[in-house]
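Notes for the structure review
Residue-level listing of the chains:
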Amino acid sequence: TSGTVTFDGQRLTRSSPLRRKIGYVGHEPGLYGELTARQNLELFAALYGGREAPRRIDEMLVRVGLADVRPHAVVRTFSRGMQQRLAIARALLADPPLLLLDEPDDGLDPQAAEQLHQYFEGSRTTIMVSHNLARGLALSNRIILLSRGRIAYDADTKGLTLGELERQYR
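First, a word on scope: everything that follows refers to the structure included in this document. (Residues numbered from 1 in each chain as written. Predicted model: local features only at pLDDT ≥ 70, side-chain atom pairs only at ≥ 80, totals over all residues. Heavy atoms only, no water.)

1. Here we look at the nonpolar core
- Core analysis: the largest hydrophobic core is formed by 30 residues, its most contacted members being L86, I88, Y119 and F120.
- For this core, the secondary structure elements donating two or more residues are α1 (37-48), α2 (53-63), α3 (80-92), β4 (98-102), α4 (110-114) and α5 (116-119).
- In this structure L86 touches L31, A37, N40, L41, L61, L66 and V75, once residues within four positions along its chain are discounted. (Core = buried A, V, L, I, M, F, W, Y, C linked by side-chain atoms within 4.5 Å. Buried < 20%, exposed > 50% of the residue type's maximum accessible area, 1.4 Å probe, protein only. Helix = DSSP H or I, 4+ residues; strand = E, 2+ residues; numbered from the N terminus. Contact = heavy atoms within 4.5 Å.)

Next comes the structure, spelled out in structure tokens:
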């Protein structure tokens, strides 16, 4: 309910230019329903200074499997999974050094959920909140379990099994 975030040695605020360095995928996709997928990405690129925007938009639409799917349809007609994939494309558009992900597989079909690691590959720091322990273990190099807002378990995932993680979760 409270706290501060420091990134690159600077405090992050609502109007901070540091926000351009952070990609975010939340529980809600946060898209403009009356715009197309491309228009949503164009708006984000204009707001956050995406470099080489037209090329990056094309690249991101292909990466998340939306390049050939109703390219001129408005987002409100998309399935929940399509909206989530577009939110992922938006988060990656400016190639940010930090990604914040809140249940990024929410609404994705099993195949797209399995592809999450491909979406987020790269030399960036990713912080992901998930209730899916198996997926979290597969996608992470460090696991932190919280209980009542406090760290209950913190470990490197190398050699960590799902069974051990589930025992810690209880």
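So, next bit.
2. Overview of the environment of A113
- Tracing the backbone through its elements, the reader meets A113 in helix α4.
- Classification of A113 as buried rests on a relative accessible area of 5%.
- Considered as a pair, A113 and R85 are 28 residues apart in the sequence and their alpha carbons are 9.8 Å apart.

3. Brief notes about the pattern of salt bridges
- On inspection of all chains with the given rule, the structure shows 9 salt bridges.
- Here D8 makes a salt bridge to K21, at a shortest N to O gap of 3.0 Å. With a gap of 13 residues between them, D8 in the loop between β1 (6-7) and β2 (10-11) and K21 in the loop between β2 and β3 (22-25) connect regions that are remote in the sequence.
- Residue D8 is classed as exposed on the basis of its relative accessible area of 53%.
- Overall, the relative accessible area of 35% leaves K21 in the partly exposed class.
- A salt bridge links E34 to R76, with the shortest nitrogen-to-oxygen separation between them at 2.7 Å. Residue E34 is located in the loop between β3 and α1, and its partner R76 is located in the loop between α2 and α3; the two are separated by 42 residues in the primary sequence. (Salt bridge = Lys/Arg side-chain N within 4 Å of Asp/Glu carboxyl O.)

4. Thoughts on the packing of α1 against α2
- Where α1 contacts α2, the two axes come as close as 10 Å, and the packing angle between them is 135 degrees. On the basis of their axis angle, the class for α1 and α2 is oblique. The handedness of the crossing between α1 and α2 comes out as right-handed. Residue-level inspection shows A37, R38, L41, E42 and A45 of α1 in contact with α2, the latter providing A53, I57, D58 and L61.
- Of the residues assigned to the contact of α1 with α2, the class counts are 6 nonpolar, no polar and 3 charged. (Axes fitted to C-alpha atoms, helices over the stretch in contact; angles between N-to-C directions. Parallel < 35°, antiparallel > 145°, perpendicular 65-115°, else oblique. Left-handed = near helix turned anticlockwise from the far one by under 90°. Nonpolar A, V, L, I, M, F, W, Y, C, P; charged D, E, K, R; others polar.)

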